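Survey of secondary and tertiary structure
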2 protein chains.
Amino acid sequence: MLNPYDDTYFMKKAMQEAELAFDKDEVPVGAVIVIEDRIIARGHNLTELLNDVTAHAEMQAITAAANFLGGKYLHNCTLYVTLEPCQMCAGALYWSQISKIVYGARDEERGCIALKTKLHPKTKMIGGVLAEEASELLKRFFIKKRNLN
Amino acid sequence: MLNPYDDTYFMKKAMQEAELAFDKDEVPVGAVIVIEDRIIARGHNLTELLNDVTAHAEMQAITAAANFLGGKYLHNCTLYVTLEPCQMCAGALYWSQISKIVYGARDEERGCIALKTKLHPKTKMIGGVLAEEASELLKRFFIKKRNLN
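Figured I'd write up the structure that's included with this text.

Reading the values: rules and limits
- Residues numbered from 1 in each chain as written.
- Chains lettered and ligands numbered in written order.
- Predicted model: local features only at pLDDT ≥ 70, side-chain atom pairs only at ≥ 80, totals over all residues.
- Heavy atoms only, no water.
- Buried < 20%, exposed > 50% of the residue type's maximum accessible area, 1.4 Å probe, protein only.
- Helix = DSSP H or I, 4+ residues; strand = E, 2+ residues; numbered from the N terminus.
- Pairing = 2+ DSSP bridges.
- Core = buried A, V, L, I, M, F, W, Y, C linked by side-chain atoms within 4.5 Å.
- Contact = heavy atoms within 4.5 Å.
- Axes fitted to C-alpha atoms, helices over the stretch in contact; angles between N-to-C directions.
- Least-squares fit on C-alpha atoms with pLDDT ≥ 70 in both.
- Buried area = accessible area lost by both parts, 1.4 Å probe.
- Salt bridge = Lys/Arg side-chain N within 4 Å of Asp/Glu carboxyl O.
- Expected span 1.5 Å × (residues − 1).
- Phe/Tyr/Trp six-rings, centres within 6.5 Å; stacked < 30°, edge-to-face > 60°.
- Lys NZ or Arg CZ within 6 Å of the ring centre and 35° of its normal.

Points about the pairing of strand β1 (residues 30-35) of chain B
Residues and elements named next belong to chain B. Burial within β1 is extensive, with six of its six residues counted as buried. Every second residue of β1 is oriented toward a common face, with G30, V32 and V34 on one face and A31, I33 and I35 on the other, all of them buried. Of the strand pairs in this sheet, β1 and strand β2 (residues 38-44) are connected by six bridges, and their pairing is antiparallel. Counterpart to A31 in the pairing with β2 is G43. Here β1 folds back onto β2, and the loop between the two strands holds two residues, one of which, E36, carries a positive phi near 45 degrees. Pairing between β1 and strand β3 (residues 77-83): five bridges, direction antiparallel. Directly across from A31, in β3, lies its bridge partner V81.

Overview of the nonpolar core
In this structure, A:I33, A:M88, B:I33 and B:M88 are the most contacted members of the largest nonpolar core, which totals 91 residues. The residues touching A:M88, leaving out its near neighbours within four places in the chain, are A:V53, A:T54, A:H56, A:M59, B:M59, B:Q87, B:M88, B:G91, B:A92 and B:W95.

A look at the sheet that holds strand β2 (residues 38-44) of chain A
Each strand in a sheet pairs with another by means of backbone hydrogen bonds, the pair being arranged parallel or else antiparallel. All names here are of chain A. The sheet built from five strands is open, its strands ordered β2-β1-β3-β4-β5 with mixed pairing. Both outer strands of the open sheet, β2 and β5 (124-126), are each paired with one neighbouring strand and no more. On average, each strand axis in the sheet is inclined to that of its neighbour by 15 degrees, with strand direction left out of account. Together, β3 (77-83) and β4 (100-105) form the strand contacts of helix α4 (residues 131-148), whose direction differs from that of β4 by roughly 55 degrees.

What to know about the relation of the copies chain B and chain A
Laying chain B over chain A is done by rotating through 180 degrees and shifting 0.0 Å along the axis; what remains is an RMSD of 0.0 Å. The superposition operator between the copies reduces to a two-fold rotation axis. Looking at the rotation axis and the C-alpha trace of chain B, the residue lying nearest is B:M88, at 2.0 Å. Interface overlap between copies is the fraction of interface residues in one copy that are interface residues in the other; for chain B against chain A it reaches 100%, indicating a shared surface.

Quick look at the environment of A:M59
All names here are of chain A. With respect to the helices and strands, M59 occurs in helix α2 (residues 57-69). The class for M59 is buried, based on a relative accessible area of 5%. Between the C-alpha atoms of M59 and P85, which are 26 residues apart in sequence, the distance is 9.9 Å.

Looking at the interface of chain B and chain A
On the chain A side, the residues contacting the 27 residues of chain B number 27 residues. When chain B packs against chain A, close to 2,400 Å² is buried across both sides, 60% of that on carbon and sulfur atoms. It is B:V53, B:K72 and B:W95 in chain B that bury the most area against chain A; as a group they hold 29% of the surface buried on that side. Linking chain B to chain A there are two salt bridges. One salt bridge connects A:K72 with B:E48, and the closest N-O pair in it is separated by 2.7 Å.

A few points about the sheet that holds β3(B)
Residues and elements named next belong to chain B. Sheet architecture is open: five strands sit in the order β2-β1-β3-β4-β5, paired in mixed fashion. Both edges of this open sheet fall to β2 and β5 (124-126), since each of them pairs with a single strand only. With direction set aside, neighbouring strand axes in the sheet form an average angle of 15 degrees. Taken together, the five bridges between β3 and strand β4 (residues 100-105) define a ladder with parallel strand orientation. Across the sheet, the residue bridging to L79 is I101, located in β4.

Regarding the environment of A:V27
As for its position among the elements, A:V27 is in the loop between α1 (7-23) and β1 (30-35). Spatially, the C-alpha atom of A:V27 lies 9.9 Å from that of A:K139, the residues being 112 residues apart in sequence.

Looking at helix α2 (residues 57-69) of chain B
Taking 1.5 Å as the rise per residue, α2(B) with 13 residues should run 18 Å; its terminal C-alpha atoms sit 18 Å apart, in good agreement. The set of residues buried in α2(B) consists of B:A57, B:E58, B:M59, B:A61, B:I62, B:A65 and B:A66. Residues of α2(B) that are buried sit in contact with α2 and α3 (87-96) of chain A together with β1, β2, β3 and α3 (87-96) of chain B. Two residues or fewer after α2(B) comes B:G70, characterised by a positive phi angle close to 75 degrees.

Digging into the packing of aromatic side chains
Each aromatic ring pair is specified by the distance between its two centres and by the angle formed by the two planes. Per the counting criterion, the structure on display carries 14 aromatic pairs over all chains. For the ring pair A:F10 and A:Y80, a centre distance of 5.4 Å and an interplane angle of 35 degrees mean the geometry is tilted. Linking A:F10 in helix α1 with A:Y80 in strand β3, this pair joins segments that are 70 residues apart in sequence. There is no split in this pair, since A:F10 and A:Y80 are both buried. One aromatic cluster is present, formed by A:Y5, A:Y9, A:F10 and A:Y80 through successive ring pairs. Directly above the aromatic system of A:F22 lies the positively charged group of A:R140, at a separation of 4.9 Å from the ring centroid. If you follow B:K144 out to its NZ or CZ, it ends over the ring of B:F22, 4.1 Å from the centre.

Have a look at this one:
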């Protein structure tokens, strides 16, 4: 039997979070954290609304997932995030010992791959899931911002 | 006239925060953020109590300082932290565009220098202020933990 809960399924949920950020005039990045095919945390970028550079989608999802689990380690969890994590978020994911990271679009400039942020040895990372959709939404956001200024 | 508000003065304040963490059975790291010789934010490590890997002293101080300033950028601010920032905290400091980072003890293993975390071009970093005191407190903590287990 086919499992409907594949990476694309959960990345679509992360995309819905990114769209919430878009609607709030935030750089549209969204994230969900999943354990055993169940979403235990959601987050979207809120750096402008909260006036807080630490309020990235992933950071909020990490805090919410640990709160749900009652422990700070995210073993057996997968993070789905629409944009490759930055140094800060990858650094937080390092401490969380999360099992898997799935990202959508690459961030060639400020992403953890280009900046060589160290991931935990327990963590696997793959990318490119719904990359085009994530990238499109980001482009649409920056065009909107440019036209407003 | 001598300015009593030098790096040692503010690092002592960060050390007081680290001692609060020690008393709560947390890895003793403390931080303060200063603008124009005035402390606008304090934080100490609370990862165990909050069950949250993101609750490092620096992260809390960054959020609190931005809240105080009413804006997310920490221009003209200096962070004093008793231990060299990790990748996550250095990544957050990158986004904050903070002017200066002063740390106490080096973290040769997980610190941002060894792991080559990128700092913002606007940010200067110096270290070694009250390094021995910070290091002693950390050692005392790990000896206490070992004796309890």
